[in-house]
Amino acid sequence: MVMAGLLAGCGTSGGSGSDGGTITAYVYGDDAVKVQQAAVTKFNKTSKVKVKLVSVPGTDYVNKLRSAMGSPSAPDVFFNWGGGSIKPYVDAKQLVDLTSTVNSTPELKDGFLPSIMTAGGLDGKIYGVPMRGMQPVMLFYNKSLFAENKLEAPKTWEDLQNAITTFKAKGITPFALGGADKWPELMWMEYLLDRIGGPEVFQKIQNGDTSGWGDPAVLKAAQTVKELVDQGAFGKNFNSVDYGNGGAPTLLNKGKAAMHLMGSWEYSTQLGKAPEFAKKDLGWTAFPTVAGGVGDAADVVGNPTNYWSINARTKHKDAAIAFLKTMASQDYAKALVDNGDIPTTSNAASMLSTSPNPQFANDQYSLVQKAPSFTLSWDQALESKYATPLLTEISKLFAGKSTPEQFVTAMKAVK
Amino acid sequence: MSHHTPHVKTRGGRKTAVGNVGRPPVSWALPGILFFAVFAIVPLAIAVYLSFCQWDGLNSPTPAGLDNWTRLFKDPEFRQAAWLSLLLTTVSWAFQTPVALLLGVWAAGRQRSRAVLSAVFFIPLLLSTTAIAMLFHALLDPNFGVITEIGPWFGIDPNIMGSSTGALLTVAFVGGWQFMPFHTLIYQGGARQIPEVLYQAAEMDGAGMFRQFFHITLPQLRHTITTSSVLMIVGSLTYFDTVLIMTKGGPGTDTTVLPYLMYRTGFQTYDLGYAAAIATALVVVATALSLILVRFSGFGNMRSTREGM
């Protein structure tokens, strides 16, 4: 009821926006911003209501958005990861429910991969329109090191164990891991739980049932982490290696580590840091199966994409929706492709040949397209009140400061 | 008569007439008091109020009674953070005080190299904490940092930041490295105030360098030590930026000191009520420690070190 009232209120004031005004849009400030900036410039040429893009540095983004949304100077439109990242705003009735808008607008409804559109919403409602590339987590590896040691990219757990043993014997760290940043460790838990217990286990947790942490598959995943750590699969000093400052990627491109489990942005990171390596030696594959696991080896974890959501208090709702619609345009998708991103639009496949690396783009697109399930990164899928303790507990597990059993107990207890 | 009496009373309340010359009225302190109220007292009061609320930063705060406080006393993470903060403070104090004191006393002298070296020592204080933390972070990178070259010479495992003790000691060391020049400066000032005649007399009595240091310099500096220690303790208790940049509270939670726990609770978990309770507890602990130190060092009595001279 209150929601409907709010929406109606915004609808009316949105109409008055036709005589001009400004929409503020917050975006996560990284290399991809230039694509959004171009879209804004183009939109402003034809619209009476102008969009003003505010690029917030990545590390401050979540904090700044949160503070702004609690203040009178909140943005009208803002970048997010969908799922838990928008739950507090949905609960506070601060977001425009876009379900009916999307369903009645063919270009939005049919423009994007359906699984991606759903992944950005909550409780079956749509709160965001996809606006960036897909970011599945993949297993990257050093092709030369694999060739020298007569190994193939691992498909099964047995392959993986074999690779670990071989590389360790050569004094090469099997996996680079930026443990100091905590979130790279989370990727291991995400894939292990998916392969061991299937995506349903985390879905239950994401839907608010914390007893889901008590599922035997969670314990098994945590035990597998401990085994890998004890084996030395991540080397000895991963606790003091970062991803953010380039520590872990450098280990991979210098041949000190053989593999790196990371989001698809690892490709552009390597291209920036070690272009030669990225072009010649960087290989990629899906996360292998885990012995005895029931999960589908085609499942993917990571960030389906990013979304624009609209603040329910905006004075220019119609203009904001019009801006969001431009995200489905061919031009916008093309701009993303040129930037090295893989758009989540349904016709993206036909454009990928113009990508800086068509093979990587195609592999990534088909990985996501064929995936029966795409689990959103846990720290984005869960509200911050669960996500922060989760990252802490994962870090303790990897650092050997808690046992797999203690991890499960601690996560079940988070309220 | 009625005009005269208060005058006499006032005179009686004062120690000496000379001491009053030029002492300004209270109203002069008003701007300062106002500034302090707006930027320190009011926020503190709001924090204390919030510690009795539940607040996610989006909706309005809702009163929660003593919930946050009962949780605080039962929370093992808070206990660990409090312990780590005290440990960090102790280590920082024990490490900084002797070095800063000796350097300060030395810098108060008249050696030729002194001025140049003092200027060099002073540099760390001019750098921003963030820059320093990032610098040491790069130096201590376990794969590519200088530590991988130099560490083995001294039998140090390059994975310093990955071990719990190593990470905490590093945080204490980096803090010490940055703030020691400041304390050196305080001790230098203190040492220069010590009257030359004391040393001249001691020399005539045949006292050597060590006796002079322990029987003149140290006792004369005891109020300087208190001042510097209070600043050091309050500084170490609220030490935050280095932890955020160098360790992010890790490995695990082994460098999650109180200010970092407060930041994590407030600005990552958005449990601002509980974060306010942690902040309030931190204020109470810091104030208590400073008061204890001032009381037991005799600093509060404001007796002059030159009494009896």
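Notes on the structure in this doc start here.

What counts, and at which threshold
Residues numbered from 1 in each chain as written. Chains lettered and ligands numbered in written order. Predicted model: local features only at pLDDT ≥ 70, side-chain atom pairs only at ≥ 80, totals over all residues. Heavy atoms only, no water. Helix = DSSP H or I, 4+ residues; strand = E, 2+ residues; numbered from the N terminus. Buried < 20%, exposed > 50% of the residue type's maximum accessible area, 1.4 Å probe, protein only. Contact = heavy atoms within 4.5 Å. Areas by Shrake-Rupley, 256 points an atom, 1.4 Å probe, with all protein chains shown as cover. Rg over C-alpha atoms; globule rule 2.2 N^0.38 Å. Lys, Arg positive; Asp, Glu negative; His and termini not counted. Charge placed at Lys NZ, Arg CZ, Asp CG, Glu CD. Pairing = 2+ DSSP bridges. Axes fitted to C-alpha atoms, helices over the stretch in contact; angles between N-to-C directions. Buried area = accessible area lost by both parts, 1.4 Å probe. Salt bridge = Lys/Arg side-chain N within 4 Å of Asp/Glu carboxyl O. Core = buried A, V, L, I, M, F, W, Y, C linked by side-chain atoms within 4.5 Å. Parallel < 35°, antiparallel > 145°, perpendicular 65-115°, else oblique. Left-handed = near helix turned anticlockwise from the far one by under 90°. Patch = residues over 30% accessible without salt bridge, like charges linked within 9 Å, V, L, I, M, F, W, Y side chains within 5 Å. Phe/Tyr/Trp six-rings, centres within 6.5 Å; stacked < 30°, edge-to-face > 60°. Arc of directions from axis to C-beta.

## Describing the overall build of chain B
Of regular secondary structure, chain B possesses 14 helices and two strands. Within the span of chain B, comprising 309 residues, buried residues form 40% of the whole. Of the contacts formed within chain B by residues at least 6 apart in sequence, a portion of 68% connects residues at least 24 apart. Just so you have it, chain B exposes about 17,700 Å², and 70% of that area is on carbon and sulfur atoms.

## Notes on the overall build of chain A
When you go through chain A residue by residue, the secondary structure sums to 21 helices and 11 strands. Taken against the 2.2 N^0.38 rule, which gives 22 Å for 415 residues, the C-alpha radius of gyration of chain A at 22 Å falls within 12% of a compact globule. If you line up chain A on its principal axes, its C-alpha atoms span 70 × 50 × 35 Å. A separation threshold of at least 6 residues defines the contact pool for chain A, and within that pool the share at least 24 residues apart is 77%. As presented, chain A carries roughly 16,300 Å² of accessible surface, and 53% of it is formed by carbon and sulfur atoms. Counting 40 positive and 38 negative side-chain charges, chain A places the centres of these two groups 4 Å from one another.

## Quick notes on the sheet that holds strand S3 (residues 77–80) of chain A
Residue and element names in this part refer to chain A. Pairing is mixed across the open sheet formed by five strands, whose spatial order is S2-S1-S3-S10-S4. Only two strands of the sheet have a single neighbouring strand rather than two, namely strand S2 (49–57) and strand S4 (129–130). The pairing of strand S1 (residues 21–29) with S2 spans nine bridges and is parallel. Note on S2: the bridge partner recorded for Val27 is Ser55. Packed on one face of the sheet, helix H2 (residues 33–46) meets S1, S2 and strand S10 (307–310) and runs near 165° to S2. Sheet strands touched by helix H3 (residues 61–69): S1, S2 and S3. Its angle to S1, the strand with the most contacts, is close to 150°.

## Brief notes about the interface of chain A and chain B
Facing 32 residues of chain A, the contacting portion of chain B comprises 25 residues. For the pair chain A and chain B, the summed buried area comes to about 2,400 Å², and 51% of that belongs to carbon and sulfur atoms. Contact with chain B buries surface across chain A, with Arg66, Ser240 and Thr388 of chain A losing the most and accounting together for 23% of the total. Counting across the interface, chain A meets chain B through three salt bridges.

## Looking at the pattern of salt bridges
All names here are of chain A. Inspection of every chain in the model, using the stated rule, returns 15 salt bridges over all chains. Lys204 serves as the salt-bridge partner of Asp209, at 4.0 Å between the closest nitrogen and oxygen. Here Asp209 falls in the partly exposed class, since its relative accessible area comes to 31%. Its relative accessible area of 39% is what places Lys204 among the partly exposed residues. Salt bridges linked by common partners bring Lys87, Asp91 and Glu383 together as one network.

## Quick notes on the pairing of strand S8 (residues 282–285) of chain A
Residues and elements named next belong to chain A. A two-sided burial pattern is seen for S8, the buried positions comprising Leu282 and Trp284 on one face and Gly283 and Thr285 on the other. Here strand S5 (residues 135–142) pairs with S8 via four bridges, running antiparallel. Paired with Phe140 across the strands is Trp284, a residue of S8.

## A word on the nonpolar core
Residues and elements named next belong to chain A. In this structure, Met259 and Phe407 are the most contacted members of the largest nonpolar core, which totals 90 residues. For this core, the leading source of residues is helix H10 (residues 183–197), giving eight residues. Val33, Ala39, Val96 and Ile310 belong to the second largest nonpolar core, which has 52 residues in total.

## Remarks on the packing of helix H13 (residues 258–267) of chain B against helix H14 (residues 272–296) of chain B
Angle between the axes and distance between the axes: these two values describe a pair of packed helices. Residues and elements named next belong to chain B. Where H13 meets H14, the axes come as close as 7 Å, and the angle between the chain directions of the two elements is 160°. Of the possible angle classes, the one that applies to H13 and H14 is roughly antiparallel. Between H13 and H14 lies a crossing of left-handed hand. On H14, the residues that touch Leu258, Pro259, Leu261, Met262, Thr265, Gly266 and Phe267 of H13 are Leu272, Tyr274, Ala275, Ile278, Ala279 and Leu282.

## Side note on the side chain of Thr99 of chain A
Residues and elements named next belong to chain A. With respect to the helices, strands and loops of the structure, Thr99 is situated in helix H5 (residues 99–103). Residue Thr99 is classed as buried on the basis of its relative accessible area of 17%. Apart from residues no more than four positions distant in its own chain, Thr99 is found in contact with Gly124, Lys125 and Ile126.

## Describing the environment of Gln135 of chain A
Residue and element names in this part refer to chain A. Position of Gln135 among the secondary structure elements: in strand S5. For the pair formed by Gln135 and Pro304, sequence separation is 169 residues and the distance between their alpha carbons is 5.9 Å. If we skip the residues at most four places from it in the chain, Gln135 touches Ser264, Trp265, Gly302, Asn303, Pro304, Asn306 and Phe374.

## Concerning a nonpolar patch on the surface
Residues and elements named next belong to chain B. On the surface, a nonpolar cluster with roughly 690 Å² of combined accessible area is contributed by Leu135, Leu139, Val146, Ile150, Trp153, Phe154 and Ile156. Here Phe154 lies in the loop between helix H7 (147–150) and helix H8 (164–193). Phe154 gets classed as exposed once you look at its relative accessible area, which sits at 62%.

## Points about the packing of aromatic side chains
Within this structure, the stated rule accounts for 39 aromatic pairs over all chains. Here Tyr191 of chain A and Phe287 of chain A contribute two aromatic rings whose centre-to-centre distance is 4.7 Å and whose plane-to-plane angle is 0°, an arrangement assigned as stacked. Here Tyr191 of chain A, found in helix H10, pairs with Phe287 of chain A, found in the loop between S8 and strand S9 (300–303); they are 96 residues apart in sequence, far enough to count as distant. A ring pair is formed by Phe35 of chain B and Phe39 of chain B, whose centres lie 4.8 Å apart and whose planes are at 45°; its orientation type is tilted. Here the residue Phe35 of chain B and the residue Phe39 of chain B both occupy positions in helix H2 (residues 30–50), the gap between them amounting to four residues, near one helical turn.

## Some thoughts on helix H3 (residues 67–74) of chain B
Within the span of H3 of chain B, buried status applies to Asn68, Trp69 and Leu72 of chain B. An end-on view of H3 of chain B places all buried positions within 95° of arc, on one side of the element.

## Looking at the environment of Pro184 of chain A
Tracing the chain through its elements places Pro184 of chain A in helix H10. Not counting residues up to four positions away in its chain, the partners in contact with Pro184 of chain A are Leu177, Gly178, Tyr243 and Met262 of chain A.

## Concerning unusual backbone geometry
Note the cis peptide between Gly250 of chain B and Pro251 of chain B, where omega equals 0°. The residue Asp123 of chain A is not glycine, and still its phi comes out positive at about 50°. Tracing the backbone through its elements, the reader meets Asp123 of chain A in the loop between helix H7 (114–119) and S4. The phi torsion at Tyr270 of chain B lies on the positive side, around 60°, for a residue other than glycine. Residue placement: Tyr270 of chain B occurs in the loop between H13 and H14.

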